[in-house]
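Examination of the molecular architecture
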Amino acid sequence: APHARSLASLRGGSVGMASSAVVDAPVERFRKDYALPAQLVGAVELKFEIFETETLVHAALHVEPASPPRREPMVLDGEELALRSIEMDGAPLVEGSDFTLSAAGLTLLSPPLTPFTLRTVVAIKPQENTQLSGLYKSSGNFVTQCEAEGFRRITYFQDRPDIMATYKVRIEADKQAYPLLLSNGNEVGKGDLPSGRHFAEFVDPFRKPSYLFACVAGKLDGIEDKYTTASGRDVRLAIWSEPENIDQLGWAMQSLKDAMRWDEQTYGLEYDLDVYHIVAVNDFNMGAMENKGLNVFNTACVLAKPSTATDDDYERVQGVVAHEYFHNWSGNRVTCRDWFQLTLKEGLTVFRDQHFSSDMTSEAVKRIEDARIMRSAQFAQDAGPMAHPIRPESYIAMDNFYTVTVYNKGAEVIRMYRTLLGAQGFRKGMDLYFARHDGQAVTCDDFRAAMADANGRDLTQFERWYLQAGTPTVKARGEYDAEGGVYSLTLSQTTPPTPGQPHKLPFHIPVVTGLLARDGTTLVDSTVLELTEEEQTFKFEGITSPPVVSLLRGFSAPVKVDLPRSDEELAFLAANDADPFNRWDASQRLATRVLLEMAAGCDATQTDALEKEVPSSLIDAFRATLCAPGLDNSLKAYSLSLPDFGTLSQEMDPIEPDSLLAALKATRKAIARQLHSELAAAYDALAPPAGAAFTLEPEAVGRRRLRNVCLSYLAKLGDEDRALAQFRSATCMTESIAAVRALVESPGAARDEVLSTFYERAKANKEALVINKWLAVQAAADTPDALETVKSLMAHESFDANNPNTLRSVVNTFAGANPAGFHKADGSGYRFISEQVIDIDKRNPQVAARLCNAFNTWRRYSGARQDMMKGELMRIKESPGLSKDTFEIASRSLA
Ligand code: ARG
Ligand code: ZN
């Protein structure tokens, strides 16, 4: 039952926070229940009085009745707010007769049917906000995170994305402690106040939902630049962070400018305000946030310099900076009607950032990286208890649905529009979408309608990608009629049941297909086959020799392929497919088959015997890839990397982690041993030319990537010299961290040296993100005492249990990237993680809930493991005072 608190008690001396002991029964919300409220806030004025013990938030909400007006109470969300005063059009309101209060908000019982202004003053305690949602303190700076439902932790408001308002904001704070004051939009005033305080005022001319609100008060240094838009307007760009990070902001700035240019060139979309700020903070639940004109970022997605950031980090910074920038159109100018539509902005914006990164780097490499995430994480989600359509039907805690399904599968769905409509057709659809909906809060159906209308296409069936969860399997069977010169390809589709969806209807699937002759030449170029029925046959005519089919080129749909292939055929495709993505894919399929066959019923303790079982077909194919002339080094690197535990385990039923890990280990060793001379030669040949300057050219990245893959294999045979030498002479983080990783599982002097040198250097330079790498490498290490290592890392001086990045580096890494430790047969890994979930949940429900997902695969394990994982989930679910976030994950997992 809602917990009502009397206004009188809140007026007293100390600010009464909604006690965390007050647990409301979690409420499930449904997409079908959407309704616009009867009163709409159209303009907001906010004043923040920031003090050390509390912050006062003064709000004036200018409210308009819906037309026609309806006589309904007005619901304002509010969480952990202490109401200090409330008045309507100048008259104080009385609790009980005019309004009621609960732990979830404030209800005006009979608001007028004409426009009115509601004024409230609330007190909040950002310095005690460990959830990092709403206004909170990070390393002494005040920052906000409002998406999805953080604004209600700042003031009473209709905290939902269809309430779009203009914002006028004034911030007041101590001038010395918080010299930098920022909010969305343009600064329109600033000045000094008595007692060493100062203020700044901002106006954001664009109407926006509350989740895009942001403000910052802190002591930060920054770099500035300028961007001139295509139409000739100057935009001031500023990136802010703590002073010690100032030399790590340049890459983010470059990425921002590249993204601005790219969006003009690719979609004709320009930036619309005079200023664009990025603020980087240490404590952040996610990657970054696209607040209008004032992005707030996790430092992990901003900071980069060669000595601290790997090539992958650089790529992430570039991608996330672009992602948040692209949201200015796909998300901010056109936003979501309700949170069920999240993929409308996230799927689209991930697609846009992927396309941008692809244009900035290498199309094939980027595609492989994105497909790897889909296969290891998204397909796994689809196959488990958290499976949901990219447009979910219900949620308890919206933050639980910022998922790889909504984001990455959502991006794949956008990509399919483009594959079906062509680049130009897609652009027409985008133009129509923005022309129709600029300034509105809309739905995924609106986006689909724009794509359909701009192209005169019927995309009705395509809605099933938004309605149905699960990964379809496309089965393919080919038949060649030599006499007629016809190749017939029969495609059929099935999608397994997911929670609440026992039966699936056929999807509209673009299957990009090519045909190769046995000599490797092209018979049929990439063609889009549209699979819309349960089964269809496609005929290729004029095929003069028996073809090899290359299916789902470029991962043209988020599906699995069922097509029996011989090892020879896979090796042939790995060497010859004209589609580089499918060359990689063939190598992965070959490796997957080998690994699963080895794992099936193997004796996990007999690793030497297992090593001898690795078939020469795999070794030969890997050798051919490693030595292929003219093949991009990044593509080689990914082709020579074995699929990970998460990807492989999806194909094993039940999952036997000991066997699977043993097969992986044995295969790595067999590759290392049998290709030793090739790997060593490649490693040495790939050394950076002496004195060469650090560059991020794809060529240089590819060199480092492949060289590090070679190093990791060589280390499997105990070759410590190369790793140690690489560490000592490293000129960038990509080189040093790979050397640490190569050594971390081999106890001894070399390991001790690199670990302590690495740590001491990072500590001396105050590089928190580098220390996190040091923590993560150790937490992922497959060693007999992995759990003890993790516990000692948590006791280390560098560990901060309130910082999500540090927590994730240790705890989530152990749960997600150390399968041997997490799945240890005695259950100690499971117990440890459930204890962490319960403990973290008290401080930060979002981070705890995410960690709790580690148990989602419990039904896929057999016997004792299944029982133990289930037991931990039940312990979590029943622990007193559990947040709705973690409750939702645990209970969906057990359902
Ligand atoms: N909109 C942000 C992004 O993808 C993510 C913010 C999510 N935050 C959260 N607490 N759920 O760019
Ligand atoms: Zn986003």
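Residues numbered from 1 in each chain as written. Chains lettered and ligands numbered in written order. Predicted model: local features only at pLDDT ≥ 70, side-chain atom pairs only at ≥ 80, totals over all residues. Heavy atoms only, no water.

**Description of the overall build of the chain**
Within the chain one finds 28 helices and 31 strands. Computed over C-alpha atoms, the radius of gyration of the chain comes to 28 Å, within 12% of the 29 Å expected from 2.2 N^0.38 for 895 residues, which places it in the range of a compact globule. For the chain, the residues scored as buried account for 59% of the 895 residues in total. Pairs at least 24 residues apart make up 70% of the contacts formed inside the chain by residues separated by at least 6 positions. Carbon and sulfur atoms make up 51% of the accessible area of the chain, which amounts to about 33300 Å² in all. (Helix = DSSP H or I, 4+ residues; strand = E, 2+ residues; numbered from the N terminus. Rg over C-alpha atoms; globule rule 2.2 N^0.38 Å. Buried < 20%, exposed > 50% of the residue type's maximum accessible area, 1.4 Å probe, protein only. Contact = heavy atoms within 4.5 Å. Areas by Shrake-Rupley, 256 points an atom, 1.4 Å probe, with all protein chains shown as cover.)

**Side note on the coordination of the zinc ion (ligand 2)**
Protein-derived ligands of the zinc ion (ligand 2) are His323 (NE2), His327 (NE2), Glu346 (OE) and Glu346 (OE), with the metal-ligand distances lying across 1.9 to 2.7 Å. Angles of 46 to 160° at the metal separate the six donor atoms of the zinc ion (ligand 2), which places the site in the irregular class. (Donors = N, O, S within 2.8 Å, 3.2 Å for Na, K, Ca; no water. Tetrahedral: all angles 85-135°; square planar, octahedral: opposite > 155°, others 65-115°.)

**Quick notes on the confidence of the model for the chain**
Scored by pLDDT, the chain has a mean of 96; 97% of the residues are at 70 or more. Within the model, pLDDT remains below 50 along residues 1-22, and this stretch shows 44 contacts once partners closer than five positions in the same chain are excluded. With pTM at 0.97, the complex prediction returns an ipTM value of 0.98. (pLDDT = per-residue confidence, 0-100.)

**What about the pattern of salt bridges?**
Oppositely charged side chains can pair when the atoms bearing their charge come close. Inspection of the entire model under this criterion finds 69 salt bridges. In this structure, the salt-bridge partner of Glu201 is Arg170, at a minimum N-O distance of 2.8 Å. Of this pair, Glu201 sits in strand β15 (residues 197-208) while Arg170 sits in strand β12 (residues 165-174); the two residues are 31 residues apart in sequence, bridging distant segments of the chain. Between Arg722 and Asp719 there is a salt bridge, with the nearest N and O atoms lying 2.7 Å from each other. Three or more residues joined by partner-sharing salt bridges are found here, namely Asp77, Glu149, Arg152 and Asp159. (Salt bridge = Lys/Arg side-chain N within 4 Å of Asp/Glu carboxyl O.)

**Let's talk about the sheet that holds strand β20 (residues 288-289)**
Strand order across the open sheet formed by five strands is β17-β18-β19-β21-β20, with mixed pairing between neighbours. Edge strands, defined here as strands with exactly one partner in the open sheet, are β17 (221-228) and β20. The pairing of strand β19 (residues 275-281) with strand β21 (residues 294-298) spans five bridges and is parallel. Note that in β21 the partner of His277 across the bridge is Leu294. Along the sheet, helix α2 (residues 250-267) makes contact with β17, β18 (234-241) and β19, crossing β17 at roughly 25°. Across the face of the sheet, helix α3 (residues 311-326) comes into contact with β19, β20 and β21 while running at roughly 150° to β21. (Pairing = 2+ DSSP bridges. Axes fitted to C-alpha atoms, helices over the stretch in contact; angles between N-to-C directions.)

**Let's talk about the site of ligand 1**
Contacts to ligand 1 come from 15 residues, most closely from Glu147, Glu290, Glu324, Tyr407 and Gln846. In the environment of ligand 1, a nitrogen atom lies 2.9 Å from a nitrogen or oxygen atom belonging to the side chain of Asp399. Tyr407 is positioned such that a nitrogen or oxygen atom in its side chain is 2.5 Å from an oxygen atom of ligand 1. Protein chains shield 97% of the accessible area of ligand 1, which is 350 Å² for the free molecule. Of all the secondary structure elements, the ones that give two or more residues to the shell around ligand 1 are β20, α3 and α4 (342-360). Partitioning the shell around ligand 1 into residue classes produces five nonpolar, four polar and six charged. (Near = heavy atom within 4 Å. Polar contact = N/O pair within 3.5 Å; in protein donor to acceptor, adjacent residues only side chain to side chain. Nonpolar A, V, L, I, M, F, W, Y, C, P; charged D, E, K, R; others polar.)

**Some points on the nonpolar core**
Among the nonpolar cores identified, the biggest contains 230 residues, and Tyr417, Phe447, Leu491 and Ile833 are the most heavily contacted of them. With 13 residues, the single largest contributor to this core is helix α6 (residues 404-437). Excluding residues within four positions of it along the chain, Ile833 makes contact with Val811, Phe814, Ala815, Phe822, Leu851 and Phe855. In this structure, Ile50, Leu81, Ile171 and Cys215 belong to the second largest nonpolar core, which totals 44 residues. (Core = buried A, V, L, I, M, F, W, Y, C linked by side-chain atoms within 4.5 Å.)

**As for the side chain of Thr403**
Take Thr403: it is sitting in the loop between β23 (394-395) and α6. A polar contact of 2.8 Å, which involves the side chain of Thr403, links it to the side chain of His388. Setting aside anything within four residues of it in sequence, one finds Thr403 in contact with Gln381, His388 and Asn408.

**A short note on the side chain of Gln836**
The residue Gln836 is located in helix α25 (residues 828-843) in this model. For Gln836, a relative accessible area of 10% puts it in the buried group. Here Gln836 is in contact with Met794, Val811, Asp841 and Leu851, once residues within four sequence places are set aside.

**Considerations on the environment of Ala66**
By secondary structure assignment, the location of Ala66 is in the loop between β3 (55-65) and β4 (74-77). Setting aside anything within four residues of it in sequence, one finds Ala66 in contact with Pro37, Ala38 and Gln39.

**Some details on the packing of α25 against helix α26 (residues 845-852)**
Where α25 contacts α26, the two axes come as close as 7 Å, and the packing angle between them is 160°. Here α25 is positioned roughly antiparallel relative to α26, judged by the angle of their axes. Seen from above, α25 lies across α26 with left-handed handedness. Counted together, Ile833, Gln836, Val837, Ile840, Asp841 and Arg843 of α25 and Pro845, Val847, Ala848, Leu851 and Cys852 of α26 form the full contact between these two elements. Per-class residue counts for the contact of α25 with α26 are eight nonpolar, one polar and two charged. (Parallel < 35°, antiparallel > 145°, perpendicular 65-115°, else oblique. Left-handed = near helix turned anticlockwise from the far one by under 90°.)

**So, the sheet that holds strand β26 (residues 486-494)**
Read across the sheet, four strands follow the order β29-β26-β25-β31 without closing on themselves; strand pairing throughout is mixed. The open sheet terminates on both sides in strands that have one partner only, identified here as β29 (535-540) and β31 (560-562). Across this sheet, the average inter-strand angle for adjacent strands is 25°, counted without regard to direction. Relative to β29, β26 runs antiparallel, the two being bridged by six bridges. Each bridged residue has a counterpart across the sheet, and for Leu491 the counterpart in β29 is Gln536.

**Side note on helix α12 (residues 616-627)**
Spacing of three or four residues puts side chains on the same side of an α-helix, whose turn is 3.6 residues. Compared with an ideal rise of 1.5 Å per residue, which puts 12 residues at 16 Å, α12 spans 16 Å between its outermost C-alpha atoms and is within 8% of the ideal. Among the residues of α12, Leu618, Ile619, Ala621, Phe622, Thr625 and Leu626 are the ones counted as buried. Buried residues along α12 cover an arc of 165° about the axis, so they all sit on one side. Among the structural elements, α9 (567-576), α10 (580-599), α13 (633-639), α15 (657-674), α16 (676-685) and α17 (698-716) are those in contact with the buried residues of α12. (Expected span 1.5 Å × (residues − 1). Arc of directions from axis to C-beta.)

**Remarks on the packing of aromatic side chains**
In this description, an aromatic ring pair is defined by two values, namely the gap between the centres and the angle between the planes. Overall, the coordinates contain 37 aromatic pairs when judged by the stated rule. Ring geometry for Trp251 and Tyr314: centres 5.4 Å apart, planes at 70°, overall edge-to-face. Residue Trp251 is located in helix α2, and its partner Tyr314 is located in helix α3; the two are separated by 63 residues in the primary sequence. Residue class for Tyr314 comes out buried when judged on its relative accessible area of 4%. A network of ring pairs unites the aromatic residues Trp262, Tyr267, Tyr271, Tyr276, Tyr325, Phe326, Phe351, Phe356 and Phe426 as a single cluster. Between Lys32 and the ring centre of Phe30, over which it is positioned, the NZ or CZ distance is 4.7 Å. (Phe/Tyr/Trp six-rings, centres within 6.5 Å; stacked < 30°, edge-to-face > 60°. Lys NZ or Arg CZ within 6 Å of the ring centre and 35° of its normal.)

**Observations regarding the packing of helix α22 (residues 786-794) against helix α23 (residues 804-817)**
When two helices pack together, their arrangement is given by the angle between the helix axes and by the axis-to-axis distance. At a minimum axis separation of 10 Å, α22 and α23 run at an interaxial angle of 165°. Considering their axes alone, α22 and α23 lie roughly antiparallel with respect to each other. Of the two possible hands of crossing, α22 and α23 adopt the one that is left-handed. The segment α22 lies against α23, with Ala786, Leu787, Val790, Leu793 and Met794 engaging Val810, Val811 and Phe814. Looking at the contact of α22 with α23 residue by residue, the classes come out as eight nonpolar, no polar and no charged.

**Some remarks on unusual backbone geometry**
It is generally the case that most residues other than glycine have a negative phi and that most peptide bonds are trans. Here Ser67 and Pro68 are connected by a cis peptide whose omega angle stands at -5°. A cis amide bond links Glu147 with the next residue in sequence, Ala148, at an omega value of 0°. Relative to the helices and strands, Ala148 resides in the loop between β11 (141-145) and β12. The phi dihedral of Leu132 is positive, around 60°, even though this residue is not glycine. Assignment of secondary structure puts Leu132 in the loop between β9 (116-124) and β10 (134-138). Phi angles above zero are rare outside glycine, and Ser195 is one such case at about 55°. Tracing the sequence through the fold places Ser195 in the loop between β14 (186-193) and β15. According to the relative accessible area criterion, Ser195 is exposed, its value standing at 69%.

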